[in-house]
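Listed below, chain by chain, are the residues.
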Amino acid sequence: MSPRSASVNEELRRRSRERLLQAAVELVSERGYDATTLGDIADRAGSARGLVSYYFPGKRQLVQSAVHRLMHRTLQEALDREPRSEDGRERMARAIDAILGLARDQPVLMRQHMAGLLQAEGFVQCPEQRHLSELLGATVAAYGSTQVTADYPMLRALLMGAVYAALVPGVPMKVPVLRAELFARYALEWELGVPPDTDPSPDAGPDRGSQDPHGARRADLSRFFETGPAPADDQPQRPDAAGR
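Because the structure is predicted, anything quoted here is derived from the model rather than measured.

**So, the overall build of the chain**
Inference 1: Helix and strand counts for the chain stand at nine helices and zero strands.
Inference 2: Across the 244 residues of the chain, 46% fall into the buried class.
Inference 3: In the structure as shown, the chain presents an accessible area of about 12,800 Å², 54% of it carried by carbon and sulfur atoms.

Now the structure itself:
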């Protein structure tokens, strides 16, 4: 068997990391943060347990990276949804609806994420967080901001506050109420984005409203993680006529 090329090894490492991110999202959604161990995540991903520490310093960093990936890809999907729009107001509305939708559909995961952000390490600097930041910054710019470096942190703070308000135990606020407040803040018409009860996402359907025991909607999130089959040239190769 010929040795793997550097590019194949790099692709295999990337896919291993993707499987860990997906497993973290699934397990924390199903069981909660405290009931999920790094060993559980490695087992779900089909990875060696020691591989987790190769990619992530600890569980908190892994889970935060996984949620930032989910947020980034959910936002990207909303912005790219047909009919595509370059209108800044429509894109801002879609961004707000995408993040509020995660609070509605993945309450356990998002509650744990918000709690993690209040820990000493705060935001974990990782590729997933940077991608989310860049996409939200671009949304602010498309909306018409001339001071993105000031207006992006404000949008981020408003969205975080809305997610927190939707998820605080005992006294949660309803997502449509929070949506109305954010839309008023950015002078957006209610019909923009995805008004409540008109969600066209790929998970919409007759059983979309079903929930697991923790209150999270059952949804296939695999489309947000690139965990496809190994590259073709990683398959066993037959020796040639010269025995190579």
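**Comments concerning the packing of aromatic side chains**
Inference 1: The full count for this structure, using the stated rule, is four aromatic pairs.
Inference 2: Aromatic side chains tyrosine 54 and tyrosine 55 sit 4.9 Å apart centroid to centroid with 85° between the ring planes, which places their arrangement in the edge-to-face category.
Inference 3: Between tyrosine 55 and phenylalanine 56 the ring centres are 6.5 Å apart and the planes differ by 55°, which places this aromatic pair in the tilted class.
Inference 4: By relative accessible area, which is 19% here, tyrosine 55 ends up buried.
Inference 5: Phenylalanine 56 sits in the buried class, given a relative accessible area of 4%.
Inference 6: Taken together, the aromatic side chains of Tyr54, Tyr55 and Phe56 make up a single cluster linked through ring pairs.

**Description of the packing of helix α4 (residues 59-80) against helix α5 (residues 88-105)**
Inference 1: Look at α4 against α5: their axes get within 9 Å of each other, and the N-to-C directions meet at 140°. Judged by the inter-axis angle, α4 sits oblique to α5. Crossing angle aside, the handedness with which α4 passes α5 is right-handed. For the pair α4 and α5, the contacting residues are Leu70, Met71, Thr74, Leu75, Ala78, Leu79 and Asp80 in the first and Arg91, Arg94, Ala95, Ala98, Ile99 and Leu102 in the second.
Inference 2: In the contact of α4 with α5, the residues fall into nine nonpolar, one polar and three charged.

**Overview of the environment of valine 63**
Inference 1: With respect to the helices and strands, the residue valine 63 is situated in helix α4.
Inference 2: A relative accessible area of 5% places valine 63 in the buried class.
Inference 3: Valine 63 sits 35 residues away from valine 28 along the chain, and the two C-alpha atoms are 8.0 Å apart.
Inference 4: When sequence neighbours within four positions are dropped, the list of residues in contact with valine 63 reads Val28 and Tyr33.

**Examining the side chain of serine 145**
Inference 1: Note that serine 145 resides in the loop between α7 (127-143) and α8 (148-167).
Inference 2: At 3.0 Å, the side chain of serine 145 forms a polar contact with the backbone nitrogen of glutamine 147.
Inference 3: A distance of 2.5 Å separates polar atoms of two side chains, one belonging to serine 145 and the other to aspartate 151.
Inference 4: If we ignore the near neighbours within four places in the chain, the residues touching serine 145 are Val140 and Asp151.

Calculation notes
- Residues numbered from 1 in each chain as written.
- Predicted model: local features only at pLDDT ≥ 70, side-chain atom pairs only at ≥ 80, totals over all residues.
- Heavy atoms only, no water.
- Helix = DSSP H or I, 4+ residues; strand = E, 2+ residues; numbered from the N terminus.
- Buried < 20%, exposed > 50% of the residue type's maximum accessible area, 1.4 Å probe, protein only.
- Areas by Shrake-Rupley, 256 points an atom, 1.4 Å probe, with all protein chains shown as cover.
- Phe/Tyr/Trp six-rings, centres within 6.5 Å; stacked < 30°, edge-to-face > 60°.
- Axes fitted to C-alpha atoms, helices over the stretch in contact; angles between N-to-C directions.
- Parallel < 35°, antiparallel > 145°, perpendicular 65-115°, else oblique.
- Left-handed = near helix turned anticlockwise from the far one by under 90°.
- Contact = heavy atoms within 4.5 Å.
- Nonpolar A, V, L, I, M, F, W, Y, C, P; charged D, E, K, R; others polar.
- Polar contact = N/O pair within 3.5 Å; in protein donor to acceptor, adjacent residues only side chain to side chain.

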